[in-house]
Amino acid sequence: MVICNPLARLKSQVKGIIFDCDGVLFDSRLANIKYYNWAREMHNLPPLTPEEEDYVHMHSVYESFYKILPRSLWDRIEEIRKAINYKELYKYLKMEEGLLELLLFLKNKGIWVAINTNRTNTMLPILYYYNLHIYFYPVVTASMISNSKPHPESVYFILNKWKISSEEVAYIGDSKLDEECARNSNVLFWSYKNRKLKCDMYVPNFWTLKQFLVNNLK
């Protein structure tokens, strides 16, 4: 494991870990691209550009639709969303290897585990589909808060539910939004598979993270 800020051990006991969804729990880039291209095709618009693909992978559904649809369609976003059957995209989601084993380990250690995502109504159905809902509390989506990432509101919401301090929490994310959200809320930031982010620790995969925690958690 490559540690951005070299530490022999964790600075403090981690009592809770917050996970981003897209790019962390799941490799969902292809599913996201197909989802938004589906919306574009419905209105005879060309496929997403590479820059737009990057944008929709990180931002909330409303932010993404405002980005990729012409203003004339903005008042029809809810109609467009309802016309897309997201269940048909589940097959394009790929759960990250080692995730289940890590979650079982954290559950057995009594470590809180939450999700902080810019998804809205698709997050819970995905968790139930993959039987992951039993591990996460709370599951915070963009529809539950007034300010989405990188604003710290979502992390504060989680900390309040857990009744623990920010110094006892790590946030695992793969984007600049996650990095900024962690910094804004004063929690540790562990970068997942993205060496370009400023982080307290770089996580190459969940197998490695699990072994690191086995060696470091009391």
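Since the model is a prediction, treat every value here as computed from it, not as a measurement.

S.K.: Help me out: how do you make sense of empty space enclosed by the protein in this one?
M.R.: Left-over empty space is what a probe sized like a water molecule reveals as it rolls over the atoms. Taken as a whole and assessed by the stated rule, the structure comprises 2 cavities of 30 Å³ or more. Of the voids in this model, the largest cavity is the one considered here, and its volume is about 250 Å³. In terms of lining residues, the largest cavity is bounded by 24 residues, among which Asp22, Val56, His59, Asn118 and Arg119 are the most central. Sorting the residues of the lining of the largest cavity by element identifies α1 (29–41), α2 (50–58) and α8 (176–185) as the ones contributing at least two each. Grouping the constituent residues of the lining of the largest cavity by class yields 7 nonpolar, 10 polar and 7 charged.

S.K.: What is the right way to look at the sheet that holds strand β7 (residues 188–192) in this model?
M.R.: Read across the sheet, 6 strands follow the order β5-β4-β1-β6-β7-β8 without closing on themselves; strand pairing throughout is parallel. Only two strands of the sheet have a single partner each, and these edge strands are β5 (139–140) and β8 (201–203). Sheet topology places strand β1 (residues 16–19) next to strand β4 (residues 112–116); 4 bridges connect them, and they run parallel. Within the sheet, the bridge partner assigned to Gly16 lies in β4 and is Trp112. Against the sheet, helix α5 (residues 99–109) engages β1 and β4, with an angle of about 150° to β1. Contacts from α8 reach β4, β6 (169–173) and β7 within the one sheet, and its direction differs from that of β7 by about 170°.

About the cut-offs
- Residues numbered from 1 in each chain as written.
- Predicted model: local features only at pLDDT ≥ 70, side-chain atom pairs only at ≥ 80, totals over all residues.
- Heavy atoms only, no water.
- 1 Å grid on protein atoms, 1.4 Å probe; cavity = no way out; pocket = protein on both sides within 12 Å on 5 of 7 lines; lining within 4 Å.
- Points joined across faces, edges and corners; volume = space filled by probe spheres on them.
- Helix = DSSP H or I, 4+ residues; strand = E, 2+ residues; numbered from the N terminus.
- Nonpolar A, V, L, I, M, F, W, Y, C, P; charged D, E, K, R; others polar.
- Pairing = 2+ DSSP bridges.
- Contact = heavy atoms within 4.5 Å.
- Axes fitted to C-alpha atoms, helices over the stretch in contact; angles between N-to-C directions.

Keep in mind these values describe shape, not function.
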